[in-house]
Amino acid sequence: MINLFKQKTRAKDIALLELKIAELIAPEFPKIKDCLWKGGLKIDFSNIGILIDWKSYILKEGEDVIRCKPNYFELSGVYLVEKNSQELKEIKLIYQSNRLREIKVENPKTFHKDFDFNSLIKKDLKTRNIEVDNPDARIVAKILEALSKEQKGFLELEDTFEIEIDEKFYYTILDMEDGNYIAIDKKGKVYRLIHDHKESAKQIAVNSSEFLKNYKGIKSDLNIYFV
């Protein structure tokens, strides 16, 4: 039976396409597949494409905390076959924190009908960084405003991002580069965050000044907190 009242592009259509793209480009961009959102998506339409937002997701014991650094870039080199013309058409993709944030298409509401999602191919993949303001960095700057410039120099504050664990929010100040972080909460207390541990967040200092008495830029000195 033919459905004469076909729906416009839905969130589940975009979630499926996002997965297909992540698998296609995994050899070049493995982080995009690693950072696939495990919760639901919601979408909105603009005059230049489809905007994607991520619904909240509660971590289960043993699952990774979010370990996707904030970045914002446009990916080109991904193509789909347009059904009417049977021609390959490039679709521009915008990623934020290695998650699909926007698809630039002319007719976003009929995107799923206009293109064959099974025809996905890649050719000469390229990225273009997009400069955006990091609101989490502003929050952290206010929390750590009492630190000296020298003290702040030991931390990675420009790349900070928010992590939610058990309905509590933390802001990264050091990336241990193995999926684990040193982070602060809004009161300035310092924690170690382990992505695969029964106690994902554990306080290690009452404030950043106390933490910096023992940390002078050598990350291996912090391994004692991750055993």
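Reference entry: report on the structure contained in this document. Keep in mind it's a predicted model, so treat the numbers as computed, not measured.

Both faces of strand β9 (residues 181-184) are covered, namely the face carrying Y181 and A183 and the face carrying I182 and I184. Two elements, strand β8 (residues 168-175) and β9, share four bridges in a ladder whose sense is antiparallel. Along β9, the bridge assignment pairs Y171 with I184. Of the strand pairs in this sheet, β9 and strand β10 (residues 190-193) are connected by four bridges, and their pairing is antiparallel. Across the sheet, the residue bridging to Y181 is L193, located in β10. Taking the residues between adjacent antiparallel strands as the criterion, β9 and β10 are bridged by five residues, where G188 takes a positive phi near 90 degrees.

Now for the nonpolar core. Core analysis: the largest hydrophobic core is formed by 26 residues, its most contacted members being I52, L93, Y95, I103 and F111. Looking at this core, the elements that each hand over two or more residues are α1 (11-24), β1 (41-46), β2 (49-54), β3 (72-82), β4 (88-96), β5 (99-104) and β6 (115-129). Other than its neighbours up to four places away in sequence, I52 contacts I14, L41, K42, I43, L100, R101, E102 and I103. One finds L144, L147, I184 and L212 within the second-largest nonpolar core, a separate group that totals 19 residues.

Take unusual backbone geometry next. Positive phi is not limited to glycine here, since D166 has a value of about 50 degrees. Looking at the element boundaries, D166 is found in the loop between β7 (162-165) and β8. The phi angle at E167 is positive, at roughly 65 degrees, despite the residue not being glycine. On the accessibility criterion, E167 (70% relative accessible area) is exposed.

Before going further, it helps to spend a moment on the pattern of salt bridges. Two side chains bearing opposite charge may form a pair once their charged atoms approach each other closely. As enumerated under the stated definition, the model contains nine salt bridges in all. With its nearest N and O atoms 3.3 Å apart, the salt bridge here joins K104 to E74. Of the two residues, K104 sits in strand β5 while E74 sits in strand β3, which places them 30 residues apart along the sequence. We classify K104 as partly exposed; its relative accessible area is 32%. Among the charged side chains, a salt-bridge network with shared partners connects E74, K104 and R128.

Next up on the list: the sheet that holds β6. Strand order in this open sheet of six strands is β1-β2-β5-β4-β3-β6, and the pairing throughout is antiparallel. Every other strand in the sheet has two partners, leaving β1 and β6 as the edge strands with one partner each. Taking each pair of neighbouring strands and ignoring which way they run, the sheet shows an average axis angle of 30 degrees. Here α1 sits on the sheet and contacts β1, β2, β4, β5 and β6; the angle it forms with β6, its principal contact strand, is near 60 degrees.

A few words on helix α4 (residues 135-143). Residues of α4 that are buried: D136, A137 and V140. The arc that holds the buried residues of α4, viewed along the axis, is 100 degrees, so those residues lie on one side. Tucked inside the fold, the buried residues of α4 contact β7, β8 and β9.

Where two aromatic rings form a pair, the distance of their centres and the angle of their planes describe that pair. A full pass over the atoms with the stated rule returns six aromatic pairs. Relative to Y95, the ring of F73 lies with its centre 5.4 Å away and its plane at 15 degrees, an arrangement referred to as stacked. One end of the pair, F73, is in strand β3; the other, Y95, is in strand β4, and 22 residues separate them in sequence. Pair check on accessibility: F73 and Y95 agree, each one buried. The interplanar angle of 50 degrees and the centroid separation of 5.3 Å between the aromatic rings of F111 and F117 together place this pair among those described as tilted. For the pair formed by F111 and F117, the shared burial category is buried.

For the rest of this paragraph, the subject is the sheet that holds β7. On the basis of which strands lie adjacent, the open sheet formed by five strands has the order β7-β8-β9-β10-β11 and antiparallel pairing. For this open sheet the edge positions go to β7 and β11 (201-205), each flanked by a neighbour on one side alone. Averaged over all neighbouring strand pairs, the angle between strand axes comes to 45 degrees, with direction disregarded. Against the sheet, α4 touches β7, β8 and β9, its axis set at about 85 degrees to β8.

What counts, and where the lines are drawn
- Residues numbered from 1 in each chain as written.
- Predicted model: local features only at pLDDT ≥ 70, side-chain atom pairs only at ≥ 80, totals over all residues.
- Heavy atoms only, no water.
- Buried < 20%, exposed > 50% of the residue type's maximum accessible area, 1.4 Å probe, protein only.
- Helix = DSSP H or I, 4+ residues; strand = E, 2+ residues; numbered from the N terminus.
- Pairing = 2+ DSSP bridges.
- Core = buried A, V, L, I, M, F, W, Y, C linked by side-chain atoms within 4.5 Å.
- Contact = heavy atoms within 4.5 Å.
- Salt bridge = Lys/Arg side-chain N within 4 Å of Asp/Glu carboxyl O.
- Axes fitted to C-alpha atoms, helices over the stretch in contact; angles between N-to-C directions.
- Arc of directions from axis to C-beta.
- Phe/Tyr/Trp six-rings, centres within 6.5 Å; stacked < 30°, edge-to-face > 60°.

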